[in-house]
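Report on the structure
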Amino acid sequence: MITLHHLNNSRSQRILWLLEELGLDYDIALYQRDSETQLAPPELKAVHPLGKSPVITDGERTVAESGAIIDYLVRTHGNGRFRPAPDSEDFLDYEHWLHFAEGSAMLPFLMGLYAGRLGEAAEPLWPRIFSEMDNHLSYMENALGHRAYFVGDDLTGADVQLTFVLEAADANGLLDNYPNLKRYLAAMQARDAYRRAIERGGPYALGTRS
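1. Section: the overall build of the protein
Regarding its fold elements, the protein presents seven helices and four strands. Counting helices and strands in the order they occur from the N terminus, the protein gives β-α-β-β-β-α-α-α-α-α-α. What you see for the protein is a C-alpha radius of gyration of 17 Å, in line with the 17 Å of a compact globule of 210 residues. For the protein, the spread of C-alpha atoms along the principal axes amounts to about 50 × 40 × 25 Å. Residue pairs at least 24 apart in sequence account for 68% of intrachain contacts in the protein once pairs closer than 6 positions are excluded. About 10800 Å² of surface is accessible on the protein, with carbon and sulfur atoms providing 50% of the total. The average position of the 19 basic charges and that of the 30 acidic charges among the side chains of the protein differ by 2 Å.

2. Quick look at the layout of surface pockets
A water-sized probe rolled over the atoms picks out the places where empty space is left. Taken as a whole, the largest pocket encloses approximately 1200 Å³ of empty space. Along the wall of the largest pocket there are 45 residues; nearest its centre are Arg11, Arg33, Leu110, Leu113 and Tyr114. No other element matches the 10 residues that helix H3 (residues 91-115) contributes to the lining of the largest pocket. Grouping the amino acids of the lining of the largest pocket by side-chain chemistry returns 20 nonpolar, 18 polar and seven charged.

3. Regarding the environment of Leu144
In this fold, Leu144 is placed in helix H4 (residues 126-144). Residue Leu144 is classed as buried on the basis of its relative accessible area, which comes to 1%. Discounting residues that sit within four places of it in the chain, Leu144 has contacts with Tyr149, Phe150, Asn180, Leu181, Arg183 and Tyr184.

4. Regarding empty space enclosed by the protein
Taken as a whole, this structure holds one cavity of 30 Å³ or more when the rule is applied. Counted as a void, the largest cavity has a volume near 50 Å³. When contributions to the lining of the largest cavity are tallied by element, the ones reaching two or more residues are helix H1 (12-22) and helix H5 (157-171). Of the residues in the lining of the largest cavity, the class split is five nonpolar, two polar and two charged.

5. Some words on the environment of Gly119
By the element assignment, Gly119 lies in the loop between H3 and H4. Classification of Gly119 by relative accessible area gives partly exposed; the value is 38%. Taking the C-alpha atoms as reference points, Gly119 and His99, separated by 20 residues in sequence, lie 31 Å from one another.

6. Topic: the packing of aromatic side chains
What characterises a pair of aromatic rings is the spacing of the ring centres plus the angle enclosed by the ring planes. Following the criterion strictly, the structure yields eight aromatic pairs and no others. Aromatic pair Trp97 and Phe100: ring centres 5.2 Å apart, planes at 85°, arrangement edge-to-face. Taken as a pair, Trp97 and Phe100 lie in helix H3 at a separation of three residues, close to a single helical turn. An identical accessibility class is assigned to Trp97 and Phe100; each is buried.

7. Focus on the sheet that holds strand S3 (residues 55-58)
Within the open sheet, the four strands sit side by side as S2-S1-S3-S4. Their pairing is mixed. Each of the sheet's edge strands pairs with one partner strand only, and the pair in question is strand S2 (26-31) and strand S4 (61-64). The average undirected angle you get between the axes of adjacent strands in this sheet is 20°. Examined bridge by bridge, S3 and S4 share four bridges and lie antiparallel to one another.

8. A word on the environment of Pro108
Secondary-structure assignment places Pro108 in helix H3. Sequence separation between Pro108 and Trp126 is 18 residues, and the spatial gap between their C-alpha atoms is 9.9 Å. Not counting chain neighbours up to four residues away, the residues in contact with Pro108 comprise Ile129, Glu132, Met133 and His136.

Criteria and cut-off values
- Residues numbered from 1 in each chain as written.
- Predicted model: local features only at pLDDT ≥ 70, side-chain atom pairs only at ≥ 80, totals over all residues.
- Heavy atoms only, no water.
- Helix = DSSP H or I, 4+ residues; strand = E, 2+ residues; numbered from the N terminus.
- Rg over C-alpha atoms; globule rule 2.2 N^0.38 Å.
- Contact = heavy atoms within 4.5 Å.
- Areas by Shrake-Rupley, 256 points an atom, 1.4 Å probe, with all protein chains shown as cover.
- Lys, Arg positive; Asp, Glu negative; His and termini not counted.
- Charge placed at Lys NZ, Arg CZ, Asp CG, Glu CD.
- 1 Å grid on protein atoms, 1.4 Å probe; cavity = no way out; pocket = protein on both sides within 12 Å on 5 of 7 lines; lining within 4 Å.
- Points joined across faces, edges and corners; volume = space filled by probe spheres on them.
- Nonpolar A, V, L, I, M, F, W, Y, C, P; charged D, E, K, R; others polar.
- Buried < 20%, exposed > 50% of the residue type's maximum accessible area, 1.4 Å probe, protein only.
- Phe/Tyr/Trp six-rings, centres within 6.5 Å; stacked < 30°, edge-to-face > 60°.
- Pairing = 2+ DSSP bridges.
- Axes fitted to C-alpha atoms, helices over the stretch in contact; angles between N-to-C directions.

Below you can see the structure in the form of structure tokens.
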């Protein structure tokens, strides 16, 4: 049995969504952020030394990091779904987008999150932060175009990864100038499996600059 160690308002929401898309039986171990620091509780360190979420256990296996978890679930339980065939033309693009989400796109949003807590001291940082946000969102906007998915003609693990980035952008009111991404995010959030994940995981709201 798979157990998702699920932290509220975190990247683990994307894993919960994928588990619903896969139609797997799974358990949820729920953790709540500290109300003052917004950090994960120390109990998560008993699951993985980093004490962060997402992390899953599957039998004797413990898997951390969003991209690694998505790759593991799709390879192990996907039955050929949710990724292109490894020998296909689309597979390199799939791997690119799967890792781009956390390797590049999330960094300026994390910088913005922490800078927002510094008040006026962070003002010199905002031009560079917003420039990098625009750089990554423009890249995604143009790459997606009018297509339904980032890779191929069906949902893949890369879409699950990238949707969290767009939710972070939307929480900061940054998607209005990116109509392709705004349309795409609405379509992802309208999926039945996405909605089931929200129902099962509880309230889900990412923070904003304010």
